[in-house]
Amino acid sequence: MDIQESGAVLRTCLKALSIWLLAVLLALPEAVFSQVVSMPAPDRNGTFVDCVPYPLTNQLHPKIHSVMLFLVYFLLPLAVISGYYVHIARALIRSAHDLPGELSQHSRRQVETRRRLAKIVLVFVGLFAVCWFPTHLLYMYRSFHYQQVDLSLAHLLLTLFARVLSFSSSCVNPFALYLLSESFRHHFNSQLKCGRQARHKRKPSHIRLTSIRKTTPTVVATTDGGRQEGAL
């Protein structure tokens, strides 16, 4: 939203780089302490090779590992994104109420757009919680019942379901945005029209966005030569 400010692109790149470095640091303990060990088979008639991300010298290690993962990889990120997304949603709703002048049709459209954006960012928080909670819950259950091996079909299906949800968290946001945002859906569909005729019909447009904290209008050059004023 503040892309027009000087140094905004550099700060954004530094933030992204910091996130990746933090992720690498958080993954280092498992890379250092992981070991391949032989485990007794559930039927006690043999062994199987398993990779464990913690030392097996103490039965507390799997419990500590699962709880730390739940705190660091689920509760802490959930608290952070919830705080920021709630702040974004409140700022969007507040900016919609602070629009100057009488509510014209364009102003009403802006109010509705900002309220819709507020709902979208809150949906992202819910998607993160739904995608990751089953995996962490199942892993903690296994860690606290480490000596017991559940070979039931229900446990297998729950494991597959939790894994699919956790993997889908990396790609579910664009689908949610497509369903919830009319503007995103419109621009996404326009990119699918890659035929030569569609490319000739489309003219380049220049869109200038402003922060919601700014009061100056945004000028949007449309493909039909018209001008629209508004602020995101």
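Placed above this text is the structure.
Figured I'd write up the structure that's included with this text. (Residues numbered from 1 in each chain as written. Predicted model: local features only at pLDDT ≥ 70, side-chain atom pairs only at ≥ 80, totals over all residues. Heavy atoms only, no water.)

## Observations concerning the overall build of the protein chain
What the protein chain contains, in helices and strands, is 7 helices and 4 strands. Listed N to C, the secondary structure of the protein chain is α-β-β-α-α-α-α-α-α-β-β in terms of helices and strands. Evaluated residue by residue, the protein chain yields a buried proportion of 21% over its 232 residues. In the protein chain, the share of contacts with a sequence separation of at least 24, taken over all contacts with a separation of at least 6, comes to 51%. Surface summary for the protein chain: the accessible area is close to 17,100 Å², and the carbon and sulfur share equals 66%. (Helix = DSSP H or I, 4+ residues; strand = E, 2+ residues; numbered from the N terminus. Buried < 20%, exposed > 50% of the residue type's maximum accessible area, 1.4 Å probe, protein only. Contact = heavy atoms within 4.5 Å. Areas by Shrake-Rupley, 256 points an atom, 1.4 Å probe, with all protein chains shown as cover.)

## Considerations on the packing of aromatic side chains
Tallying each qualifying case throughout the model produces 7 aromatic pairs. A ring pair is formed by Tyr 85 and Phe 124, whose centres lie 6.4 Å apart and whose planes are at 55 degrees; its orientation type is tilted. A residue pair is termed long-range when its members are at least 10 positions apart, and Tyr 85 in helix 2 (residues 60–97) and Phe 124 in helix 3 (residues 105–144) qualify at 39 residues. Members of the aromatic cluster, each reached through a chain of ring pairs, are Phe 70, Phe 74, Phe 128 and Phe 133. Between Arg 185 and the ring centre of Tyr 178, over which it is positioned, the NZ or CZ distance is 6.0 Å. (Phe/Tyr/Trp six-rings, centres within 6.5 Å; stacked < 30°, edge-to-face > 60°. Lys NZ or Arg CZ within 6 Å of the ring centre and 35° of its normal.)

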